Amino acid sequence: MSAPDDLRALYQETILDHNRRPRNFGTLASASGQGAGYNPLCGDRVVVYLRTEGDRVADISFEGAGCAISTASASMMTEELKGKTLAEARALFERFHALLTTGGGGEDLGMLAAFAGVREFPMRVKCATLAWHALSSALPAAAPPADPAGPADPAEHAEPAGPADTPTRHSP
Amino acid sequence: MSTAPIASPRTEPPPAGARRPAPGYDLARVRAEFPILATRVHGRPLAYLDNAASMQKPRAVLDAVIDCWSSSYSNVGRSVHTLARRAAEAREAARDTVARFLGAPSRGEIVFVRGTTEAINLVAASFGPRRVGSGDEVITTALEHHSNLVPWQRLCAERGARLRIAPLDERGRVTVEAVAGLLGPRTRIVALAHVSNVLGTISPVAEIAALARRRGAAVVVDGAQAVPHLAIDVASLGCDFYAFSGHKVYGPSGIGVLWGRAELLAEMPPWQLGGGMVESVGYEETTFAPPPERFEAGTPAIEGAVGLAAALDWLSALGLQRVAAWERELLARATELLLEVPGLRLLGSAGAHAERAEKAAVVSFVLDGAHAHDVATILDTEGVAVRAGHHCAQPLMAWLGSAAATRASFACYNTLEEVDALAAGLHRVREVLG
């Protein structure tokens, strides 16, 4: 693909829309857990708030400031995860990560399929996964979603991995 | 999303006679010295505007490194064979070149290190504890790169000393008054950047050094962003230590320089121990070599020193004053075009054309509604390489009220057309992000 096509694929209209009008933005008074993600490359921070009922995501929100890719990814993640079980959330992250790094995992991604264009911009994979890493530290410690980080993800491996291979965490 | 080409905001050529290289500055010939400039990125000609991060290398440097490896390479200071002698001579000749370039009184004051970061760490670790004790003070400034802040934080924490931060004025400048206001009887070290890596502002190092040394404080200067743009004379600057990196001045990475006053280097203990920095070693006791070797433990970057000397010779032959004059034109054009981009805010407002030069060829900005990483990605698809992020200066970025900014920085080989490509790319950002 040419550069303009790559760029159009990266900044799809749904991504720009979620960047301009992020959904589920703000704190969650009833949150049962929260986690922060930090991208040392650009200083972006995102905090994800989560309320679980049993094994399900009852409510989820986020706040923070970041680039269009990280903001839209956080926004769409909250949209997709509401009502899903934690196991489904983990599986979705795996397929989402595969989409970003190998182009696979395309089925059942819902609106997250809009991020397929990130694959052509390996330096931006970390932007797209920032909120998901924050989510993994918001989840109960007993069941963190596995990070299926692949080899085609240089930016994400530019820093030492934590216990769950997540970016540096900061208590919000 | 439209794919129509975006017109440059300035399609007419600049007025005749204005903003062209001064006579004798042959830009095409300068560019021909840099093989990498022929690279195409995303099908576009490369416009490399990330020079403050690292500069590209002229053929003179490539040739010097290859020649070192091809005809004069061995380890140095250890063997007596012919290649060892040639390699040692080449490296010591490089030390002479650096000493001349900096106006250092003595070649023994030139310590080869990996870069500016290592140089400042060396001073903080070796000189720091000799001067800084409990209740003493170290002064640095609000615009420092992390490498000229974090080593002093640790020194102060370990010694029970206080780190004081000189504030900037409203235009993003370090002033003599701000430092003077913090200088006191317990000030032991003043550490500051000669040129800000984010704002490009030039600090009044000579005035601050004179003031600080009169009060008994030692002055450490981070010259990483100054050496490629300003003629440096450490004797007239009057500081005690001056550090810079080879890769930011057209030389190889992995080589840098710490200049220190001979009498200070002489009193400093070694900071790394091993081969090359000793006189005699027994199982119980070791005596150390005099400076500069005392601070050069282990096999050094031999070809790095040779390449650095080639870079400094090349730049000197081109003429730093002429390069600086051309870079001022690039900066002026960039400033003018950037201010025409809707919603763009420049960080720091020191003028490029003030009577007394206040700013080197660096310009940072934020764009309303467009994050720096998105800006840099979109510019990259236009062939324009810029830096996006916090620029290893997070405290400064916080002071400026922004987590991330985009930075364009210029070198001897940049063209006005590349500046135009930057501006056109920023209008394209507006189009893509809506």
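All residue numbers refer to positions counted from 1 along the written sequence of the respective chain. Each chain takes a letter, starting from A, and each ligand takes a number, starting from 1, following the order in which they are written. Side-chain atom pairs in this predicted model are given and counted only at pLDDT of 80 or more, local residue features only at pLDDT of at least 70, and totals for whole chains, interfaces and linings cover all residues.

A.B. asks: Looking at this structure, how should I read the overall build of chain A?
C.D. replies: Under the DSSP-based scheme used, a helix requires at least four consecutive residues in state H or I and a strand at least two consecutive residues in state E, with every element numbered from the N terminus. Helices and strands together make up the secondary structure of chain A, namely 5 helices and 3 strands. Helices and strands appear in chain A in the N-to-C order α-α-β-β-β-α-α-α. Sequence-distant contacts, at least 24 apart, represent 67% of the contacts inside chain A between residues at least 6 apart. For every residue pair, C-beta atoms are placed from the backbone, and the pair is scored as a contact if these atoms sit within 7 Å.

A.B. asks: Help me understand the overall build of chain B, please; the structure alone is not making it clear to me.
C.D. replies: On a plain count of helices and strands, chain B comes out with 14 helices and 17 strands. Taking 22 Å as the expected radius of gyration for a compact globule of 434 residues, we find that chain B reaches 23 Å, a close match to that expectation. The principal-axis extents of the C-alpha atoms in chain B amount to approximately 75 × 55 × 40 Å. Looking at chain B as a whole, 53% of its 434 residues qualify as buried. In chain B, the share of contacts with a sequence separation of at least 24, taken over all contacts with a separation of at least 6, comes to 72%. We compute the radius of gyration over the C-alpha atoms and compare it with the globule rule, which gives 2.2 Å times the number of residues raised to the power 0.38. A residue is called partly exposed when the number of other C-beta atoms within 10 Å of its own lies between 12 and 20, exposed at 12 or fewer, and buried at 20 or more, with C-beta atoms placed from the backbone.

A.B. asks: Can you help me understand the domain arrangement of chain B in this one?
C.D. replies: A common way to express how large an interface is: the accessible area buried when the components associate. Residues and elements named next belong to chain B. Under the domain assignment used here, chain B contains domain 1 (27-49 + 319-433) and domain 2 (61-316). The domain boundaries here were taken from an automatic or database domain assignment. Relative placement of domain 1 and domain 2: their C-alpha centres are 28 Å apart. For the side of domain 1 that touches domain 2, the secondary structure elements donating two or more residues are helix H11 (320-338), strand S14 (362-367) and helix H13 (394-400). For the side of domain 1 that touches domain 2, the element with the highest residue contribution is H11, accounting for 4 residues. Under the convention adopted here, Pro, Cys and the residues Ala, Val, Leu, Ile, Met, Phe, Trp and Tyr are nonpolar, Asp, Glu, Lys and Arg are charged, and Gly plus all remaining residues are polar. Here the residues of the side of domain 1 that touches domain 2 sort into 15 nonpolar, 5 polar and 4 charged.

A.B. asks: What is the right way to look at the packing of H11(B) against helix H14 (residues 416-433) of chain B in this model?
C.D. replies: A pair of packed helices is characterised by two quantities: the angle between their axes and the separation of those axes. All names here are of chain B. Axis lines are fitted through C-alpha atoms, for helices just across the contact stretch, and the angle between N-to-C directions can take any value from 0 to 180 degrees. Contact pair H11 / H14: the axes reach a minimum separation of 10 Å and the direction vectors enclose 20 degrees. With respect to H14, the element H11 is oriented roughly parallel. Note on packing geometry: the crossing formed by H11 with H14 is right-handed. Contact with H11, carried on its side by Leu 330, Arg 333, Ala 334, Leu 337 and Leu 338, involves Leu 416, Val 419, Leu 422 and Ala 423 of H14 and no other residues of that element. A class-by-class count of the residues in the contact of H11 with H14 yields 8 nonpolar, no polar and 1 charged. The scheme is simple: roughly parallel for angles under 35 degrees, roughly antiparallel for over 145, roughly perpendicular for 65 to 115, oblique for anything else. Crossings are sorted by hand: turned counterclockwise from the far helix by less than a right angle, the near helix makes the crossing left-handed, and turned clockwise it makes it right-handed.

A.B. asks: Could you clarify how one ought to interpret the sheet that holds strand S2 (residues 44-53) of chain A in this entry?
C.D. replies: Sheets are built from strands that pair by backbone hydrogen bonding, the pairs being arranged parallel or antiparallel. Residue and element names in this part refer to chain A. DSSP calls a pair of strands paired once it identifies at least 2 bridges connecting them. The 3 strands are arranged S1-S2-S3 in an open sheet whose pairing can be described as antiparallel. The open sheet has two edge strands with one neighbour each: strand S1 (33-39) and strand S3 (56-65). Mean inter-strand twist for the sheet, computed between neighbouring axes without regard to direction, equals 20 degrees. Along the sheet, helix H5 (residues 125-138) contacts S1, S2 and S3; its crossing angle with S1, the most-contacted strand, is approximately 150 degrees.

A.B. asks: For this particular structure, what's the right way to read the pairing of strand S7 (residues 187-193) of chain B?
C.D. replies: Moving residue by residue along a regular strand, the side chains alternate between the two faces of the sheet. Residue and element names in this part refer to chain B. Summarising burial for S7: 7 of the 7 residues are buried, a large majority. In the sheet, strand S5 (residues 137-141) pairs with S7 via 3 bridges, with the strands oriented parallel. Among the inter-strand pairings, Glu 137 is bridged to a residue of S7, identified as Thr 187. For a crossover, the right-handed case is the one in which the path from the first strand over the helix to the second runs clockwise, viewed with the strands pointing away from the viewer. The handedness of the S7 to strand S8 (residues 218-222) crossover, carried by helix H7 (residues 205-214), is right-handed.

A.B. asks: Teacher, can you tell me more about the interface of chain B and chain A here?
C.D. replies: Every contact between the two is made by 21 residues of chain B and, on the other side, 19 residues of chain A. Breaking the side of chain B that touches chain A down by element, the ones donating at least two residues are helix H12 (372-381), strand S16 (387-389), H13 and H14 of chain B. With 6 residues, H12(B) is the largest single contributor of residues to the side of chain B that touches chain A. Here the residues of the side of chain B that touches chain A are counted per class, giving 9 nonpolar, 11 polar and 1 charged.

A.B. asks: What should I look at first to understand the sheet that holds S8(B) in this one?
C.D. replies: All names here are of chain B. In spatial order, the strands read S4-S10-S9-S8-S7-S5-S6; together these 7 strands make up an open sheet with mixed pairing. If you trace the sheet from one side to the other, it starts and ends with strand S4 (110-113) and strand S6 (162-166), each paired once. The average angle at which neighbouring strand axes cross in this sheet is 20 degrees, direction not considered.

A.B. asks: Mind showing me how you'd approach the packing of helix H3 (residues 68-81) of chain A against H5(A) here?
C.D. replies: All names here are of chain A. Closest axis-to-axis distance for the H3/H5 pair is 6 Å, and the angle between their directions is 45 degrees. Between H3 and H5, the interaxial angle falls into the category oblique. The chirality of how H3 crosses H5 is right-handed. Facing H3, whose interface residues are Ile 69, Ser 70, Ser 73, Ala 74 and Met 77, H5 presents Cys 127, Ala 128, Leu 130, Ala 131, Trp 132 and Leu 135.

A.B. asks: Sorry if this is basic, but what is going on with the pairing of strand S9 (residues 241-245) of chain B here?
C.D. replies: Residue and element names in this part refer to chain B. In terms of residue burial, S9 counts as a mostly covered element, since 5 of its 5 residues are buried. A two-sided burial pattern is seen for S9, the buried positions comprising Phe 241, Ala 243 and Ser 245 on one face and Tyr 242 and Phe 244 on the other. Across 3 bridges, S8 lies against S9 in parallel orientation. Of the residues in S9, the one forming a bridge with Val 221 is Tyr 242. Bridging between S9 and strand S10 (residues 256-260) involves 5 bridges; their strand directions are antiparallel. Within S10, the residue paired with Phe 241 across the bridge is Gly 260.

A.B. asks: How should I be thinking about helix H10 (residues 302-318) of chain B in this particular structure?
C.D. replies: Turn by turn, an α-helix covers 3.6 residues, leaving residues three or four places apart pointing in a common direction. Residue and element names in this part refer to chain B. Take the residue count of a helix, subtract one, and multiply by 1.5 Å to get its expected span. Look at H10: 25 Å from first C-alpha to last across 17 residues, which is about the 24 Å you get at 1.5 Å a residue. Burial of H10 is extensive: 14 of the 17 residues sit out of reach of the surface. Phi for Gly 319, located one or two positions after H10, is positive at around 100 degrees.

A.B. asks: Looking at this model, I keep getting lost on the environment of Val57(A). Mind explaining?
C.D. replies: Residue and element names in this part refer to chain A. The residue Val 57 is located in strand S3 in this model. Distance from Val 57 to Ala 36, taken between C-alpha atoms, is 17 Å for residues 21 residues apart in sequence. Apart from residues no more than four positions distant in its own chain, Val 57 is found in contact with Leu 50, Thr 52, Leu 81, Lys 82, Gly 83, Lys 84 and Ala 89.

A.B. asks: When you look at the nonpolar core in this model, what are you seeing that I'm missing?
C.D. replies: Burial of nonpolar side chains together is a common tendency in soluble globular proteins. The nonpolar core is taken to be a set of buried Ala, Val, Leu, Ile, Met, Phe, Trp, Tyr and Cys residues joined by way of C-beta atoms within 7 Å. Counting 188 residues, the largest nonpolar core has Val48(A) and Val257(B) as the members making the most contacts within it. If you tally residues by element for this core, the top one is H10(B), at 11 residues.

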